[in-house]
Amino acid sequence: PMYAITNTALTQKAAIGGRAVRLNRQRTVARRSVVAAPVRAKLYDNILETIGNTPIVKISDRLAPKGVELYAKAEFFNPCSSVKDRLALAVINDAEQKGLLKPGDTVVEATSGNTGIAVAMVCAQRGYNCVICMAEPFSVERRKIMRMLGAKVIVTPKAGKGTGMVAKAEELCEKHGWFLCRQFENDANPAFHASTTGPEILTDFAGKRLDYFVTGYGTGGTFQGVGRVIKAARSDTKIVLLEPEAASLIASGTKTERKSTGAPKGSHPAFAAHPIQGWTPDFIPKVLEDAQAMDLYDELVPISGPEAIETAQKLASTQGIFTGISGGASMAGALKVAAKAPKGSVILTMLPDTSERYMSTPLYESIAADMNEEELEIAKSTPSFQLLPDEEPVLQA
């Protein structure tokens with residue numbers, strides 16, 4: 001948690017940047033509400049040790065309705081900026097423990113991007129080769145990030161949807177003898193959330209109310225893992241599951257037909273393209289189906305693409321919280337819950353990733369690169385260093 005720097009004992013000297021700084025422990029240093037993150041008094045052996053323990057942040061009434069407390073768990077604090085860092089570490093650790101991976105092996109996954117980025121990070125740190133299969137519509141930023149991390153990215157045709165990229169990953173592994181992560185079927189995925197994400201939430205809300213937990217689903221790992229823990233420890237907490245309005249797979253009541261591996265046989269009939277990348281592929285993942293059988297959610301809420309985009313933009317402009325479309329969708333769902341929740345309710349949602357990997361998506365269509373009229377007027381309000389359209393640049397007036 002964030003805290004104001006306060007000191008209550010003796011005067012202490014600390015060397016900062018070569019200067020001696022006197023810290024008086026009898027007074028509050030942060031007189032003007034200055035806050036600082038607590039120092040992590042630890043040296044980490046590698047980047048993977050920093051995964052998890054992400055902060056929960058309160059949403060101010062510039063966005064949250066009055067009379068309720070609304071919080072978000074900021075998963076973009078993970079080292080590769082998404083909740084999928086947890087999944088990737090879980091799957092690779094599990095495979096190593098089972099003897100399924102050895103040095104020099106190749107790890108393969110089918111992904112909308114965040115899992116691929118996370119898998120590429122873990123492979124880079126552990127010394128594995130990495131091949132990622134990703135359908136054509138997902139943002140090009142994600143491809144570049146994965147390649148920066150050393151992965152080979154195989155782009156599959158748009159018409160094949162999510163099932164196509166999964167089938168390609170299976171085909172490659174069968175031919176080359178590579179290891180397939182199977183994020184959509186792998187029990188290590190929800191198990192890791194049950195041992196990390198869920199307990200983190202319980203710790204942060206210890207002794208406090210938590211009336212609603214609101215989340216969308218991609219693989220269903222967060223929903224299942226956290227849901228199991230919350231229902232076991234705090235059965236009075238209601239779990240609200242979100243899915244895209246354009247792809248209401250769960251609401252349809254139609255199950256996904258599966259291969260013997262648990263992978264989908266084909267595309268779900270209720271699926272339609274939607275802009276909430278990372279949510280709801282064109283099939284119901286096995287991990288999610290297993291969660292449905294556990295009767296974990298109390299309410300299912302649809303979220304539209306425009307709602308998700310607008311809310312992500314509002315999180316940035318009113319809270320300084322920089323999250324992607326899926327984060328906007330999650331918060332949009334939490335706001336719907338907040339609008340009808342009893343006064344005094346406490347609501348928590350997940351923000352799965354950062355906004356930076358959505359620059360080429362509809363999230364940024366309304367964000368211009370060039371100065372708008374208001375910015376041009378500000379630029380012209382003083383005479384020097386003006387760069388105006390169709391005019392010669394002005395340096396000194």
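Residues numbered from 1 in each chain as written. Predicted model: local features only at pLDDT ≥ 70, side-chain atom pairs only at ≥ 80, totals over all residues. Heavy atoms only, no water.

### Focus on the sheet that holds strand β9 (residues 152–156)
The sheet built from four strands is open, its strands ordered β9-β8-β7-β10 with parallel pairing. What marks the edges here is a single partner per strand, and that holds for β9 and β10 (179–180). In the sheet, strand β7 (residues 106–110) pairs with strand β8 (residues 129–135) via five bridges, with the strands oriented parallel. What sits directly across from Ala110, in β8, is Cys133. Sitting on the sheet, helix α3 (residues 140–148) touches β8 and β9, and the angle it makes with β9 is about 155 degrees. (Pairing = 2+ DSSP bridges. Helix = DSSP H or I, 4+ residues; strand = E, 2+ residues; numbered from the N terminus. Contact = heavy atoms within 4.5 Å. Axes fitted to C-alpha atoms, helices over the stretch in contact; angles between N-to-C directions.)

### Some remarks on helix α10 (residues 305–319)
When the terminal C-alpha atoms of α10 are compared, their 21 Å separation across 15 residues agrees well with the 21 Å that a helix rising 1.5 Å per residue should span. Looking only at α10, the buried set comprises Gly305, Ala308, Ile309, Thr311, Ala312, Leu315, Thr318 and Gln319. In this structure, the buried side of α10 is in contact with β5 (56–59), β13 (299–303), α11 (325–340) and β14 (346–351). Remark: Gly320 follows α10 within two positions and exhibits a positive phi of approximately 70 degrees. (Expected span 1.5 Å × (residues − 1). Buried < 20%, exposed > 50% of the residue type's maximum accessible area, 1.4 Å probe, protein only.)

### Things to note about the packing of aromatic side chains
Using the criterion set out here, one finds four aromatic pairs in the structure. For the pair Tyr71 and Phe205, a centre-to-centre distance of 5.5 Å together with 90 degrees between the ring planes defines the contact as edge-to-face. Residue Tyr71 is found in strand β6 (residues 69–74), and its partner Phe205 is found in the loop between α6 (197–204) and β11 (212–215); the two are separated by 134 residues along the sequence. Note on Phe184 and Phe283: the rings are 5.0 Å apart at their centroids and 80 degrees apart in plane angle, and the pair reads as edge-to-face. Of this pair, Phe184 sits in the loop between β10 and α5 (188–195) while Phe283 is found in the loop between α8 (249–252) and α9 (286–293), placing the two residues 99 residues apart along the sequence. Positioned above the aromatic ring of Tyr358 is the side chain of Arg142, whose terminal nitrogen or guanidinium carbon lies 4.7 Å from the ring centre. (Phe/Tyr/Trp six-rings, centres within 6.5 Å; stacked < 30°, edge-to-face > 60°. Lys NZ or Arg CZ within 6 Å of the ring centre and 35° of its normal.)

### A closer look at the environment of Leu63
One can find Leu63 in the loop between β5 and β6. The class of Leu63 is buried, set by a relative accessible area of 14%. Leu63 sits 254 residues away from Ser317 along the chain, and the two C-alpha atoms are 9.9 Å apart. The residues touching Leu63, leaving out its near neighbours within four places in the chain, are Lys314, Leu315, Thr318, Gln319, Met331 and Leu335.

### Overview of the pairing of β14
With six of six residues buried, β14 is to be regarded as a mostly interior element. Here β14 shows a buried face lined by Val346, Leu348 and Met350 and a second buried face lined by Ile347, Thr349 and Leu351. Two elements, β6 and β14, share six bridges in a ladder whose sense is parallel. The partner of Leu70 across the bridge, within β14, is Ile347.

### Topic: the environment of Glu69
Mapping Glu69 onto the fold places it in strand β6. With 269 residues separating them in the primary sequence, Glu69 and Ala338 have C-alpha atoms 8.5 Å apart. Excluding residues within four positions of it along the chain, Glu69 makes contact with Lys58, Ser345, Val346 and Ile347.

### A word on the confidence of the model for the protein
When pLDDT is averaged along the protein, the result is 91, and 90% of the positions lie at 70 or above. In this model residues 1–33 is a low-confidence stretch, pLDDT under 50, and it forms 43 contacts with partners more than four residues away in sequence or in other chains. (pLDDT = per-residue confidence, 0-100.)

### A closer look at unusual backbone geometry
With phi around 55 degrees, Arg182 is a residue other than glycine that occupies positive phi space. Within the secondary structure, Arg182 sits in the loop between β10 and α5. According to the relative accessible area criterion, Arg182 is partly exposed, its value standing at 25%. Within the chain, Thr280 stands out as a residue other than glycine whose phi angle is a positive 45 degrees. Structurally, Thr280 is set in the loop between α8 and α9. Taking the relative accessible area as the measure of exposure, Thr280 reaches 1% and is therefore buried.

### A few points about the sheet that holds strand β12 (residues 238–244)
By way of backbone hydrogen bonds, the strands of a sheet pair with one another, either parallel or antiparallel. Strand order in the open sheet formed by six strands is β5-β6-β14-β11-β12-β13, with mixed pairing between adjacent strands. Unpaired on one side and paired on the other, β5 and β13 mark the two borders of the sheet. For this sheet the average axis-to-axis angle between neighbouring strands, irrespective of direction, equals 25 degrees. Bridge count between β11 and β14: three bridges; the pairing is parallel. Pairing of Phe213 across the sheet is with Leu348, part of β14.

### Some details on the side chain of Thr237
Here Thr237 is to be found in the loop between α7 (221–233) and β12. Of the residues examined, Thr237 reaches a relative accessible area of 0% and is grouped as buried. Setting aside residues no more than four positions away along its own chain, Thr237 makes contact with Leu210, Asp211, Tyr212, Phe213, Ile230, Lys231 and Asp298.

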